[in-house]
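For reference, the chains in residue letters:
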Amino acid sequence: MKDFSKLVLTLTAVCVICGAVVSTAYMVTKEPIRIANEAKKRASILDVMPEGSGDPVTKTNLAGRIYWESDKGYAMEISSNSGYAGRIDLMLGFTKDGRFNKYSVLSHSETPTLGSHITDTFVAHVTNRPAASTDWRVTKDGGEIVPISSATISSRAVCGAIAEGCAVYSDILEGK
């Protein structure tokens, strides 16, 4: 019984010490992580805005969605849960004259070899298109967008998110 009590006391001490270390690490890194995430979001907003845009201002549309507006365009955050490996978070940019400017990937879990091309080469497939008149489906589904070869699901998820963003963009313009 004495050995058992010693074992319980030792394990309890180890758990308390480990818990304190993890808790301290969390408290120390919480604020720097928040600041880094805000800086990443800000960089994405500036990246998707039309070239030469002024400083964006945070706004809210009638449906309560947050977006950013500059003198030349708009940016908004959109997510899709339809990616091959799950959720894809995007920052979308639109011009004030009705065009989809481009997107930036905030986070994704797509496969490193194929699906991850949504972060680079696929952007060119959708950049600078009319927001309202483009059929934002991939060609395999009867749309206008050529998907990434062997990564149709990832391409489809990005196109779906852009189509959703175009609907929000339209609401923003109607609310003006």
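As a starting point, this report considers the structure included with it. (Residues numbered from 1 in each chain as written. Predicted model: local features only at pLDDT ≥ 70, side-chain atom pairs only at ≥ 80, totals over all residues. Heavy atoms only, no water.)

Turning to the side chain of Ser-104, a few remarks are in order. By the secondary structure assignment, Ser-104 is in strand 5 (residues 99–107). By relative accessible area, which is 13% here, Ser-104 ends up buried. Once residues within four sequence positions are removed from consideration, Ser-104 is found in contact with Ser-44, Asp-47, Val-48, Asp-89, Leu-90 and Met-91. (Helix = DSSP H or I, 4+ residues; strand = E, 2+ residues; numbered from the N terminus. Buried < 20%, exposed > 50% of the residue type's maximum accessible area, 1.4 Å probe, protein only. Contact = heavy atoms within 4.5 Å.)

With that settled, consider the sheet that holds strand 5. Strand pairing in a sheet relies on backbone hydrogen bonds, with the paired strands running either antiparallel or parallel. The six strands are arranged 1-2-3-4-5-6 in an open sheet whose pairing can be described as antiparallel. Edge positions in the sheet fall to strand 1 (57–60) and strand 6 (129–130), since each of these pairs with one other strand and no more. On top of the sheet, helix 3 (residues 152–175) reaches strand 2 (66–69), strand 3 (73–83), strand 4 (86–95) and strand 5; it is set at about 140 degrees to strand 3, its chief contact. (Pairing = 2+ DSSP bridges. Axes fitted to C-alpha atoms, helices over the stretch in contact; angles between N-to-C directions.)

What the rule picks out here adds up to five aromatic pairs. Here Tyr-74 and Tyr-169 contribute two aromatic rings whose centre-to-centre distance is 5.9 Å and whose plane-to-plane angle is 65 degrees, an arrangement assigned as edge-to-face. With a gap of 95 residues between them, Tyr-74 in strand 3 and Tyr-169 in helix 3 connect regions that are remote in the sequence. The exposure class assigned to Tyr-169 is buried, which follows from its relative accessible area of 3%. Ring geometry for Phe-94 versus Tyr-169: centroids 4.5 Å apart, planes at 10 degrees, classification stacked. Highlighted residues: Phe-94 in strand 4 and Tyr-169 in helix 3, separated in sequence by 75 residues. By way of ring pairs, the aromatic residues Tyr-67, Tyr-74, Phe-94, Phe-100, Trp-136 and Tyr-169 are connected into one cluster. (Phe/Tyr/Trp six-rings, centres within 6.5 Å; stacked < 30°, edge-to-face > 60°.)

Direction of pairing for strand 4 relative to strand 5: antiparallel, over a ladder of six bridges. Opposite Phe-94, over in strand 5, you have Phe-100 as the bridge partner. As consecutive antiparallel partners, strand 4 and strand 5 are separated by three residues, and within that stretch Gly-98 has a phi angle of approximately 95 degrees, a positive value. In the sheet, strand 5 pairs with strand 6 via two bridges, with the strands oriented antiparallel.

Core analysis: the biggest nonpolar cluster contains 30 residues, and Met-76, Leu-92, Tyr-103 and Ile-162 have the highest contact counts within it. Mapped onto this core, the elements with two or more residues apiece are strand 3, strand 4, strand 5, helix 2 (123–126) and helix 3. Ranked by residues supplied to this core, first place goes to helix 3 with nine residues. Not counting residues within four places of it along the chain, the set of residues in contact with Met-76 comprises Ile-66, Tyr-67, Trp-68, Leu-90, Met-91, Leu-92, Phe-94, Gly-165, Val-168, Tyr-169 and Ile-172. Ranked by size, the runner-up nonpolar core spans seven residues in total, among them Ile-45, Met-49, Trp-68 and Met-91. (Core = buried A, V, L, I, M, F, W, Y, C linked by side-chain atoms within 4.5 Å.)

Now for the environment of Phe-122. Mapping Phe-122 onto the fold places it in the loop between strand 5 and helix 2. A relative accessible area of 0% means that Phe-122 is categorised as buried. Taking the C-alpha atoms as reference, Phe-122 lies 9.9 Å from Tyr-103; in sequence the two are 19 residues apart. Non-local contacts of Phe-122, meaning those with residues more than four positions away in its chain, are made with Tyr-103, His-117, Ile-145, Val-146, Pro-147, Ile-148, Ser-155, Val-158 and Cys-159.

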